[in-house]
Structures are given as structure tokens and as C-alpha cells.
Amino acid sequence: MGAMSTAPRTALVTGAGRGIGRGIALGLAATGWELALVGRTPEHLDAVAAEIRAAHPGRTVLTLPADVTDTAQVSAAVAAAEDGLPGGIGLVVNNAGVIERQETDLAADDVEDVWRVIETNVRGPLLVSHAVLPGMLARGSGHVVNINSGSGHRPSGVYTGYGISKGALARLTTMINAQYADRGVTVLDLAPGVVVTDMTQAMPLHDGREQWTPVSASVELIDAFGSGRLDALSGRFVRAGTDTVDSLLAHAEQIRDRDARTLRLAAWGEDDPVA
């Protein structure tokens, strides 16, 4: 079993007003986390905060409207969370993300829309992580969860920007791990599976889908990681609905020994000159 974290049991969740972010926020609140909710639409954040306060009276829940691609807004939101959450920010869930408006290939797509997706899905987590690191490093503890996707390592015939962004996000995860794991800040790529949201239901790719991944599966993994139980898997990729806390703990040594579940170049063998 992993050691329990010394980081405060507080979480900042981006994109918390709707969809997966809302579900993660509600789930973390139910497991005892104090929360800072970040998103672009104040009304959505206020509605989620009201749900949390009704279900958990006395729980700290901050609503911090911000566009995660705006440096000044991110800095202000993180500063407010550091001041308003007891003990500062212990866990960040970089959930805010978008996908292309069309389900098509690159040649047929609007390249500006492709870039909008890349910018939101990469710049957002980059800015948020950059802003929270000083506080976490000063405390000597902290956890970052990047909401990723199988699209980050599996090529697709559609949604080019989304795939690029999730691949880049996976590299950000490995960089944070390489630079800060030995200083107490750990990071995880978490794919939530296919969760019922307005975004997924609007995607032709999922027309007719009958099996969906419950957001509670993501909450279970995030709670375990934020609590320090999965720190041994820092820098790795996990998938809600397939992986469980117990299965990951059972295979943690194997994952580390094989350098598995991480973004890296596959060599043809030991004599591959680029290995």
C-alpha cells in the first residue's frame, strides 16, 4: 500500500461547472475534500457549489471563475485558492478541456478550431500546474492529476487537435514527474473513459453507445492518488473503469520495473541507436 500524503486534503478542479469536472467535484466533496471550483461560467460553478454545500454543510467550497488559457486569470484563481483553502492546495485536477466542432480529418477541418483545442487542452494545464507548483514545493507535497485520454497515444482518423493535445499533456505529466517527484510533487495521467456528458453525447463517434464509464470510477482513482496511495505510479497513465486502486497497487512494481504506462519511444531492441 502507498503511504498517506502529507498534503492538505484540498483540491482545485478546473472545468468544474459541467460534465466530468462537475462529477469529480461532487465526488471528491463526498469523500471529504475541501474544494476550489474553477471554470469560465460563474452560474455553473455556483450551482455545483450549492449542491456541495447542501449535501455537506460546513464544507469549504470556493467558486473561482477563470479562463484556464489566461495567465492572469489562472494566477488570480490559484492565489485565491491558496488563501481560501485550509492549508493551501493539496491536489489539482486539470480537467478543463474541449474537442473539435467537427468529427473529421485534418485536411477537412478548420485549422483554427484545431488550434483552439490544442491551446485549451495544453496551455490550460500548463498554466495551472505552473501556478500551483510554488506552493506545493514550499510545502514539500502535492498531487497533480491531468485528465487525459487514450487518444493521446492511439492515432485516430478524426479529432486531430484533440489527439495532439492529449499526447502533449502526457509529456507534460512525464516532465512534472521527472522534475518534482523527488521533491514531493507527484502527477498522474487519468483517462476517465467515455462518460455521459454534453460533449460526448454530441460526438457522432459515440452514436448508439450503450456502455458508459461512471464518473465515480475516476473519483475513486483521484481520491486514492490525492491521498498518496498511488504515488508509486507518478508519471504514469491510468484508465478509470478498467484500472482500480487495488489492481494498480497489485501491479505497481511490475509497472515500474517495465517502465510501463508512460509516454516513451518504443525501440526495436537493445541495439536500436535511438533507444
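Conventions we followed
Residues numbered from 1 in each chain as written. Predicted model: local features only at pLDDT ≥ 70, side-chain atom pairs only at ≥ 80, totals over all residues. Heavy atoms only, no water. Axes fitted to C-alpha atoms, helices over the stretch in contact; angles between N-to-C directions. Helix = DSSP H or I, 4+ residues; strand = E, 2+ residues; numbered from the N terminus. Parallel < 35°, antiparallel > 145°, perpendicular 65-115°, else oblique. Left-handed = near helix turned anticlockwise from the far one by under 90°. Contact = heavy atoms within 4.5 Å. Nonpolar A, V, L, I, M, F, W, Y, C, P; charged D, E, K, R; others polar. Pairing = 2+ DSSP bridges.

Glancing now at the packing of helix α1 (residues 19–30) against helix α7 (residues 215–226). It is the contact of α1 with α7, at a shortest axis distance of 9 Å, that shows an interaxial angle of 55°. Between α1 and α7, the interaxial angle falls into the category oblique. When the axes of α1 and α7 are compared, the crossing they make is right-handed. Contacts between α1 and α7 pair Ile20, Gly23, Ile24, Gly27 and Leu28 from the former with Val215, Val219, Ile222 and Asp223 from the latter. A class-by-class count of the residues in the contact of α1 with α7 yields 6 nonpolar, 2 polar and 1 charged.

Pairing in this open sheet of 7 strands is parallel, and the strands run β3-β2-β1-β4-β5-β6-β7 from one edge to the other. Two strands in the sheet have a free side with no partner beyond their single neighbour: β3 (61–65) and β7 (237–239). Here the strands of the sheet are splayed against their neighbours by 20° on average, with no regard to which way each runs. Inspection of the sheet shows strand β4 (residues 91–94) paired to strand β5 (residues 142–147) by 4 bridges, in the parallel sense. Along β5, the bridge assignment pairs Val93 with Val145. Of the strands in this sheet, β1 (10–14), β4, β5 and β6 (185–191) touch helix α4 (residues 111–139), which is tilted by about 175° from β4.

These values are about where atoms sit, not about what they do.
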